Amino acid sequence: MNKVKTIHRKMLLIYVLGIILFCIGVTGKLVYLMIFQSQHYTDRALEVQERERKIKAPRGEILDRNGKVIASNKTVCTVSVIYNQVKEPERVIKILTEELGLEEDEVRKKVEKKSVREKIKSNVDKSVGDKIREYNLSGVKVDEDYKRYYPYSSLASKVLGFTGADNQGIIGLEVKYDKYLQGTDGLILTPTDSRGIEQDSALEERVEPVSGNNLVTTIDVNIQKYAEQIAYNTLEAKKANYVSIIVMNPNNGEILAMVNAPEFDLNNPYTLNYETEENLSSKKKQDLLNKMWRNQCINDTYEPGSTFKVVTATAALEEGVVSLDTKFNCPGFRVVDDRRIRCHKTTGHGTETFLQGTMNSCNPVFIDVGLKVGVQNFYKYLDRLGIRKKTGIDIPGEAGTIIHQIKNVGNVELATMSFGQSFQITPVRYLVSASAVINGGKLVTPHFAMQSQNEAGEVVEKFQYNETENVIQKETSETMKNVLEKVISEGTGSKGQVEEYKVGGKTATSQKLPRGSGKYIASFMGFAPADNPQVIAMAIIDEPEGIYYGGQVAAPVISQLYQNILPYLLGGEEQGE
């Protein structure tokens, strides 16, 4: 009997201890929740009792080098509905359909959808948004928002790029510097009751948005306008596929203008800039849009042709395999191994010096020069001048050089490469390498962004770019400047002359693949003043009709451009003899 009582007592003790431990656990949990987790559950409760709406932050502006705004913001509205607050659904549907220009079925579907908040339409003109507000429709919210706006419409469109519906950059500088341009969105917090209905008497809380930083660029709107006008005139006159122009400071890589005509309307970037057949498939239209948005100066490669003789001449002078007086003979062609390669002057130039051969843009002379330089040294200078690498320009999508591997280069390949054939580079790649030849031997990084500024105009970040000094000797650079000035004053580039200014440069006429197609690219590179270059520019005309020679078609483009911008850039100081 005593044994049974002892067991009962033990069981009772265990039971009591269990209850005590349970109470301690519950009390501890309550203390934990009420003290240590109180803020968390307070926030959760507020989430249930508050409705959150975003206030979009204004995107930072993009400015030219003189402070002119080239990308800004326009106030628009976003119209939305809150299902459980709509008191007159039919009236709401009718008014929103009429004012927003939408189909009734589309509006009805959204108004009758049982969701916390349903967006009807964004990017609504402010005047329309204000009008909808005046109807005082229960459950209809009109919030102010921002839409990207480009005051110059198509100016530098393929450089600037544009933004999407979420105000994020899509292409160009808009996407490259998105993290600087984007601001921090704000919030509107509206108290609601347990059913999610906003309380009329309660005050809304606002967390104000923070504007994005501005981006100051190297672009000069005046020069960009001049360049675009000339490009469009040439495009129309020559009925070309496109005309590209780059204007750059050869000493630091600042790009003053970049044109890819035809450009497109940045305020309507999804509208093609030409007429097309109706009912395009979405895929075909997207392909056409992608093509329209391409920046030919950066995204596309081409055979540079005779402008590349600048690189071959530089390598030859650096290696000492020729002097300006070295004699050559041009019978109108040169046979390399089993390949007959002709000169543009089929009757030949006869006996000529290296200087004369450069002025005449003689292919046989440069074939001989290239073979004298040799494969190893030729590639050494390709690399010194950056030809086989991307420039690192601050726009996405830069294409790389398409060129033979050195192990696959024989006499024929070296011969054709020496006058700019059988490989492809981008226009900006060529222009940067040519800059190193005429600026004393400094390889620069081409760029658009100078600095980022906050709303008060204070510098947030000043952008830095790589430079490589002494890629060639200064003496070689001086010689090449004199040679290229002769090309303009006395040679094939005579139509690149500018009254009262000394200009240096080189012409090119590149036959497009397949050979014999009868399609050409005319190009010209010119710099000024020839003895102290402050600006270098390039024009490329794709498939011009009629006369297609670079010296006849492209050189006048840069000449006309320089007539307009050299007095502006150089302060009107005469640079002639």
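## A short note on the layout of surface pockets
Quantified by volume, the largest pocket comes out at close to 850 Å³. Together, 30 residues line the largest pocket, and Arg342, His344, Asn363, Thr509 and Tyr549 are the ones closest to its centre. Of the residues forming the lining of the largest pocket, the biggest block, 5 residues, is contributed by strand E17 (residues 504-511). Here the lining of the largest pocket is built from residues that sort into 7 nonpolar, 16 polar and 7 charged.

## A few points about the pairing of strand E16 (residues 459-462)
As paired elements, strand E15 (residues 449-453) and E16 share 3 bridges and run antiparallel to each other. Each bridged residue has a counterpart across the sheet, and for Gln451 the counterpart in E16 is Lys462. Count of turn residues in the E15/E16 antiparallel hairpin: 5 residues, of which Gly457 carries a positive phi of about 85°.

## Let's talk about the confidence of the model for the protein chain
Summary statistics for the protein chain give a mean pLDDT of 91 and a share of 89% for residues scoring 70 or more. Between residues 45-49, whose pLDDT stays under 50, and residues either more than four places distant or in other chains, the model counts 4 contacts.

## Some words on the environment of Leu189
When you line up the elements, Leu189 lands in strand E6 (residues 186-191). Overall, Leu189 belongs to the buried group, its relative accessible area being 15%.

## Regarding empty space enclosed by the protein
Inspection of every chain in the model, using the stated rule, returns 1 cavity of 30 Å³ or more. Here the lining of the largest cavity is built from residues that sort into 4 nonpolar, 3 polar and 1 charged.

## Structural notes on the nonpolar core
Counting residues in hydrophobic clusters, the biggest one holds 88 residues, and the most contacted among them are Leu160, Met258, Phe354, Tyr430, Phe448 and Met525. Among the elements that make up this core, the one with the highest residue count is helix H17 (residues 427-438) (8 residues). Those residues in contact with Leu160 that lie beyond four places of it in its chain are Ile62, Ile70, Tyr150, Leu155, Ile171, Gly172, Leu173, Glu174, Ile219 and Leu266. Judged by nonpolar contacts, the second largest core, of 34 residues, contains Ile245, Tyr501, Val535 and Ala537.

## What to know about the sheet that holds strand E9 (residues 242-248)
Taken together, 5 strands build an open sheet; the order of strands is E10-E9-E19-E18-E17 and the sheet is antiparallel. The open sheet has two edge strands, strand E10 (255-261) and E17, and neither has a second partner. This sheet shows a mean twist of 5° between the axes of neighbouring strands, independent of strand direction. As paired elements, E9 and strand E19 (residues 535-542) share 7 bridges and run antiparallel to each other. Looking at E19, one finds that Ile246 is bridged to Met538. In this fold helix H9 (residues 221-238) packs onto E9, E10 and E19, with an angle of close to 25° to the strand it touches most, E10.

## Quick look at the packing of helix H12 (residues 309-319) against helix H14 (residues 363-373)
Interhelical geometry of H12 versus H14 gives an angle of 45° and a closest axis separation of 10 Å. One finds that H12 runs oblique with respect to H14. In the crossing of H12 with H14, the sense of the turn from one axis to the other is left-handed. On H14, the residues that touch Lys309, Thr312, Ala313, Ala315 and Ala316 of H12 are Asn363, Phe366, Val369, Gly370 and Val373. The residue makeup of the contact of H12 with H14, split by class, is 6 nonpolar, 3 polar and 1 charged.

## Some words on the side chain of Ser306
Within the fold, Ser306 resides in the loop between helix H11 (296-299) and H12. What makes Ser306 buried here is its relative accessible area of 13%. A polar atom in the side chain of Ser306 sits 3.2 Å from the side chain of Ser361. Those residues in contact with Ser306 that lie beyond four places of it in its chain are Ser361, Asn363, Phe419, Lys506, Thr507 and Ala508.

Each value, and the rule that gives it
In this numbering scheme, every chain counts its residues from 1 along its sequence in written order. Reporting in this predicted model follows two pLDDT cut-offs: at least 70 for local features of residues, and 80 or more for side-chain atom pairs to be given and counted; totals over whole chains, interfaces and linings ignore these cut-offs and use all residues. The side-chain values count all of the structure's non-hydrogen atoms but skip hydrogen atoms and water molecules. Residues are called lining when one of their atoms sits within 4 Å of a cavity or pocket point, these points coming from a 1 Å grid over the protein atoms alone, where a cavity is a set in which a 1.4 Å probe fits but cannot get out and a pocket is an open set with protein on both sides within 12 Å along at least five of seven lines. Grid points are joined across faces, edges and corners, and a volume is the space filled by probe spheres set on the points. Strands here are runs of E lasting at least two residues and helices are runs of H or I lasting at least four, both read from the DSSP assignment and numbered beginning at the N terminus. Ten residue types, Ala, Val, Leu, Ile, Met, Phe, Trp, Tyr, Cys and Pro, are classed as nonpolar, four, Asp, Glu, Lys and Arg, as charged, and the remainder, Gly among them, as polar. We treat two strands as partners when DSSP finds at least two bridges between them. The predictor attaches a confidence to each residue, and that confidence, scored 0 to 100, is pLDDT. Only heavy atoms matter for contacts: two residues are in contact if any of them lie within 4.5 Å across the pair. In this scheme, a residue with accessible area under 20% of its type's maximum is buried, one over 50% is exposed, and one in between is partly exposed, where area comes from a 1.4 Å probe on protein chains only. Remark: nonpolar core denotes a set of buried residues (Ala, Val, Leu, Ile, Met, Phe, Trp, Tyr, Cys) joined through side-chain atoms within 4.5 Å. To get an axis, a line is fitted to the C-alpha atoms, and for a helix only the part in contact is used. The angle between two axes follows their N-to-C directions and goes from 0 to 180 degrees. For classification purposes, an angle smaller than 35 degrees is called roughly parallel, one larger than 145 roughly antiparallel, one from 65 to 115 roughly perpendicular, and anything else oblique. The sense of a crossing depends on the near helix, which, turned anticlockwise from the far helix by less than a right angle, makes the crossing left-handed and, turned clockwise, makes it right-handed. Polar contact is defined as a pair of N or O atoms within 3.5 Å, subject to the rule that within protein one atom must be able to donate a hydrogen and the other to accept it, and that residues adjacent in sequence are counted only when both atoms are side-chain atoms.

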